[in-house]
Amino acid sequence: MLGALAGAKYQQQLLLVILYHVAKLIKEDEDIEITSEDPTGGMFDDIGVRFKDGDQCRKLFMQAKYKDDMAKTITWDDLTSTDKKAPFAIIP
């Protein structure tokens, strides 16, 4: 349970950092939307950013990964594991 709460806190902190950087880049009249737990992001639903780039609508989705044990590094193999029970896998 504590790991889930720490992960949610990490996701919120990451969202605030992204919001800060996006806010510096946009003008008042620009169309932008930042979401959290966005189902349209699929497996990358933790943070979503939608914005206009000229005539095109751009979408960027991110999946935040957090772990309590700082002794273990999250590796590329952890992220790309096809094991359904792998805690950091981002590939369906």
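The shown structure was predicted, so the numbers you read here are calculated from the model rather than taken from an experiment.

J.: Give me the lowdown on the environment of Asp 46, citing residues and values where you can.
T.: Turning to its location among the elements, Asp 46 is positioned in the loop between strand E1 (32-36) and strand E2 (47-53). Placed 39 residues apart in sequence, Asp 46 and Lys 85 show a C-alpha to C-alpha distance of 19 Å. Setting aside its immediate chain neighbours within four residues, Asp 46 contacts Gln 11, Thr 35, Ser 36, Glu 37, Met 62, Gln 63 and Ala 64. Within the local environment of Asp 46, its side chain forms a polar contact with the side chain of Gln 63, the two groups lying 3.0 Å apart.

J.: I'd love a proper account of the side chain of Ser 81, names of residues and values included.
T.: Secondary-structure assignment places Ser 81 in the segment after helix H2 (76-79). At a separation of 3.1 Å, a polar atom in the side chain of Ser 81 contacts the main-chain amide nitrogen of Asp 83. Not counting residues within four places of it along the chain, the set of residues in contact with Ser 81 comprises Ala 86, Ala 89 and Ile 91.

J.: Describe the pattern of salt bridges, and please don't skip the residues or the numbers.
T.: Any two side chains of opposite charge can pair, given that their charged atoms come close. Per the stated rule, a full pass over the model turns up three salt bridges. In this structure, Arg 50 and Glu 33 form a salt bridge, with 3.6 Å as the shortest nitrogen-oxygen distance. Of this pair, Arg 50 sits in strand E2 while Glu 33 sits in strand E1; the two residues are 17 residues apart in sequence, bridging distant segments of the chain. Its relative accessible area of 16% is what places Arg 50 among the buried residues. Glu 33 sits in the partly exposed class, given a relative accessible area of 40%. With its nearest N and O atoms 2.8 Å apart, the salt bridge here joins Lys 72 to Asp 78. In this structure Lys 72 comes out as partly exposed when scored by relative accessible area, which is 41%. By relative accessible area, which is 21% here, Asp 78 ends up partly exposed.

Rules of the game
- Residues numbered from 1 in each chain as written.
- Predicted model: local features only at pLDDT ≥ 70, side-chain atom pairs only at ≥ 80, totals over all residues.
- Heavy atoms only, no water.
- Helix = DSSP H or I, 4+ residues; strand = E, 2+ residues; numbered from the N terminus.
- Contact = heavy atoms within 4.5 Å.
- Polar contact = N/O pair within 3.5 Å; in protein donor to acceptor, adjacent residues only side chain to side chain.
- Salt bridge = Lys/Arg side-chain N within 4 Å of Asp/Glu carboxyl O.
- Buried < 20%, exposed > 50% of the residue type's maximum accessible area, 1.4 Å probe, protein only.

Interpretation in functional terms is not warranted from these geometric data alone.
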